[in-house]
Amino acid sequence: TLEESIDNLVSRQHLRELYMMGNPSQMDWDPGFKDYVIHRLPQLESLDGTHITKSMRIVAAQAYPRLELELKQKAAECRVRKAAEAEQEAAE
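Residues numbered from 1 in each chain as written. Predicted model: local features only at pLDDT ≥ 70, side-chain atom pairs only at ≥ 80, totals over all residues. Heavy atoms only, no water.

Close approach of charged atoms lets side chains of opposite charge pair. Tallied over the full model, the rule gives five salt bridges. Put simply, E3 and K72 hold a salt bridge, and the shortest N to O gap is 3.7 Å. Taken together, the residues E3 in helix 1 (residues 2–10) and K72 in helix 4 (residues 54–91) connect sequence positions 69 residues apart. Overall, the relative accessible area of 43% leaves K72 in the partly exposed class. Two residues, E45 and R16, come together in a salt bridge whose shortest N-O distance is 3.6 Å. Of this pair, E45 sits in the loop between helix 3 (32–40) and strand 2 (46–47) while R16 sits in the loop between helix 1 and strand 1 (17–18), and the two are 29 residues apart along the sequence. (Salt bridge = Lys/Arg side-chain N within 4 Å of Asp/Glu carboxyl O. Helix = DSSP H or I, 4+ residues; strand = E, 2+ residues; numbered from the N terminus. Buried < 20%, exposed > 50% of the residue type's maximum accessible area, 1.4 Å probe, protein only.)

Okay, structure coming up:
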């Protein structure tokens, strides 16, 4: 999941630039994706080639509680969809 992927990067204190363009999570969860990443990885200076400003960090911090709930909902929906697809494939 996106949450697990970001969790693996949190401890990378020297991580300054991150490119996530084309990541399926980014395409499925715009605009929340960038704010979520900016808040979870405070050591980043640049995301997808864009300098992270102080105001971007403030907006991300304010949106984070809502984004965390959205992410959990999206993950649950994805699990249900994949289970239905697997069930349908098994029936064929």
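The phi torsion of most residues other than glycine is negative, and most of the peptide bonds are trans. For D48, which is not glycine, the phi dihedral falls at a positive 55 degrees. Mapped onto the elements of the fold, D48 is located in the loop between strand 2 and strand 3 (50–51). The buried category is assigned to D48, whose relative accessible area is 5%.

Attention now goes to the packing of helix 3 against helix 4. As a packed pair, helix 3 and helix 4 sit with axes 8 Å apart at the nearest point and diverge in direction by 110 degrees. If you check the angle between helix 3 and helix 4, you find them roughly perpendicular. When the axes of helix 3 and helix 4 are compared, the crossing they make is left-handed. Along the contact surface, helix 3 presents G32, D35, Y36, I38, H39 and R40, while helix 4 presents M56, R57, V59, A60, A61, Y64, L67 and L71. Across the contact of helix 3 with helix 4, the residue classes break down as nine nonpolar, two polar and three charged. (Axes fitted to C-alpha atoms, helices over the stretch in contact; angles between N-to-C directions. Parallel < 35°, antiparallel > 145°, perpendicular 65-115°, else oblique. Left-handed = near helix turned anticlockwise from the far one by under 90°. Contact = heavy atoms within 4.5 Å. Nonpolar A, V, L, I, M, F, W, Y, C, P; charged D, E, K, R; others polar.)

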